[in-house]
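Fold and geometry: a report
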Amino acid sequence: MKRTLTILAAGASLFPGFAASAQTAPEVSLARFDCGTSQVPTVVNQRFSDTYAYGDLKIQFVFSCYLIKHGDEYLLWDTGLPPTAVAPNVAPKVSLVDYLAKIDVKPEQIKYVGISHYHGDHTGQVASFPKSTLLIGAREWDAISSPKPPEGVNVKPFESWIKGENKVEPQATDKDVFGDGSVIMLRTPGHTPGHSSLLVKLAQMGPVILSGDMAHFRENYDTDGVPTFNFDRAQTVASIERIKGIVKNQTATLIIQHDARDVEKLPVFPAFAK
Ligand SMILES: [Zn+2]
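A brief structural summary. (Residues numbered from 1 in each chain as written. Predicted model: local features only at pLDDT ≥ 70, side-chain atom pairs only at ≥ 80, totals over all residues. Heavy atoms only, no water.)

1. Topic: the nonpolar core
The condition is simple: In this text, buried Ala, Val, Leu, Ile, Met, Phe, Trp, Tyr and Cys residues form a nonpolar core when linked through side-chain atoms within 4.5 Å. The classification of residues rests on relative accessible area computed with a 1.4 Å probe and restricted to protein chains. Under 20% of the type maximum is buried, over 50% is exposed, and intermediate values are partly exposed. Think of it this way: any DSSP run of H or I at least four residues long counts as a helix, any run of E at least two long counts as a strand, and we number them from the N terminus. We call two residues in contact whenever any of their non-hydrogen atoms come within 4.5 Å of each other.
Of all hydrophobic cores here, the largest spans 31 residues; its most connected members are Phe33, Leu67, Leu76, Leu96, Ile110, Leu134 and Phe158. Those elements that provide at least two residues to this core are strand E1 (28–38), strand E4 (62–70), strand E5 (73–77), helix H2 (96–101), strand E7 (110–115), strand E8 (133–137) and helix H4 (138–144). Contact partners of phenylalanine 33, with chain neighbours within four places excluded, come to Phe63, Ser64, Cys65, Tyr66, Leu67, Leu76, Leu96, Tyr99, Leu100 and Phe269. Among the nonpolar cores identified, the runner-up in size contains 22 residues, and Val62, Trp77, Leu202 and Ala273 belong to it.

In structure tokens form, the structure reads like this:
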């Protein structure tokens, strides 16, 4: 009896996998956009380490946005600074809408806009995609749609979603975006209450994780560093540990979105990583 059950269980778990691999899985590819920079390198010891771990280390921060193509469908991940951004930042020279026009993609073709968290440097151009379904952590959406949003929440570009004119799908847990395991929003709270990162499984490059602000730069990630302005220290450390586990177990490439050294691991748009 025990043996029969074992065989049945093995058959039940194997068969769906076999069926899926027998079909043609949609190709997944990933492009990155320049969505702004900081004017000058930032001394990170004060604000980006609550243990003052970095001496006089300076980091040239960048702002980056991403486009995931899944078959014929598109997911935009984070929307960077707006073209109107001012000092201490340098606004993106090309808007996301203009970038997409270079590959003949119109804003209404973007099925999903995924937002790692509610800060202005990740949400600056979201209002350009009013037809897109918004994917965002539930606690981020709670803050954005609150009658009294906490400080630091960039509410204005979300107005049409707040009014209910556009579709939003707040996520309390991980989200398998296209339902085939190829693109997964990962719950990585700490920087903000409902922060997310994104796992994109590419056939040639292998799994890629887009960090959001789970960590801000490579040294920050390597040492479990916590910026003083993060929402929750314990959650930040736990989220870094989670991502380190996935990087190890899946042999994934981590792209820390504010770190130019990491962003450069991906080809320059309009090239896509596959
Ligand atoms: Zn940021």
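2. As for the pattern of salt bridges
This is how the line gets drawn: In what follows, salt bridge is the name for a side-chain nitrogen of Lys or Arg lying within 4 Å of a carboxyl oxygen of Asp or Glu.
Counting across every chain of the model gives 12 salt bridges. A salt bridge links arginine 242 to aspartate 174; the nearest nitrogen and oxygen atoms lie 2.7 Å apart. One end of the pair, arginine 242, is in helix H7 (residues 233–250); the other, aspartate 174, is in the loop between strand E9 (168–171) and strand E10 (175–176), with 68 residues separating them in the sequence. Of the residues examined, aspartate 174 reaches a relative accessible area of 32% and is grouped as partly exposed.

3. Regarding the coordination of the zinc ion
Condition: Think of the donor list as every N, O and S atom within 2.8 Å of the metal, or within 3.2 Å for Na, K and Ca; water never makes the list, so a site can look incomplete. In this scheme the shape depends on donor count and angles: four donors with every angle between 85 and 135 degrees give tetrahedral, four or six donors with opposite pairs above 155 degrees and others between 65 and 115 give square planar or octahedral in turn, and any other case is irregular.
Every protein donor of the zinc ion is listed here as Asp121 (OD), His122 (NE2), Asp213 (OD) and His258 (NE2), and their distances to the metal cover 2.1 to 2.2 Å. One can describe the site at the zinc ion as irregular: its 4 donor atoms subtend angles covering 88 to 164° at the metal. When its relative accessible area of 19% is taken as the criterion, aspartate 121 is described as buried.

4. Some words on the layout of surface pockets
Heads up, the rule is: For cavity detection a 1 Å grid was placed over the protein atoms alone, and a set of points counts as a cavity when a 1.4 Å probe fits there but cannot get out; an open set counts as a pocket when protein lies on both sides within 12 Å along at least five of seven lines, with lining residues being those that have an atom within 4 Å of a point. Grid points are joined across faces, edges and corners, and a volume is the space filled by probe spheres set on the points. Note on residue classes: Ala, Val, Leu, Ile, Met, Phe, Trp, Tyr, Cys and Pro are nonpolar, Asp, Glu, Lys and Arg are charged, and everything else, Gly too, is polar.
Within this model, the largest pocket holds a volume of roughly 660 Å³. Lining the largest pocket are 31 residues, with Arg47, Phe48, Phe63, Asp121 and Phe229 sitting closest to its centre. Broken down by secondary-structure element, the contributors of at least two residues to the lining of the largest pocket are strand E2 (42–43) and helix H3 (120–123). Grouping the constituent residues of the lining of the largest pocket by class yields 15 nonpolar, 12 polar and 4 charged.

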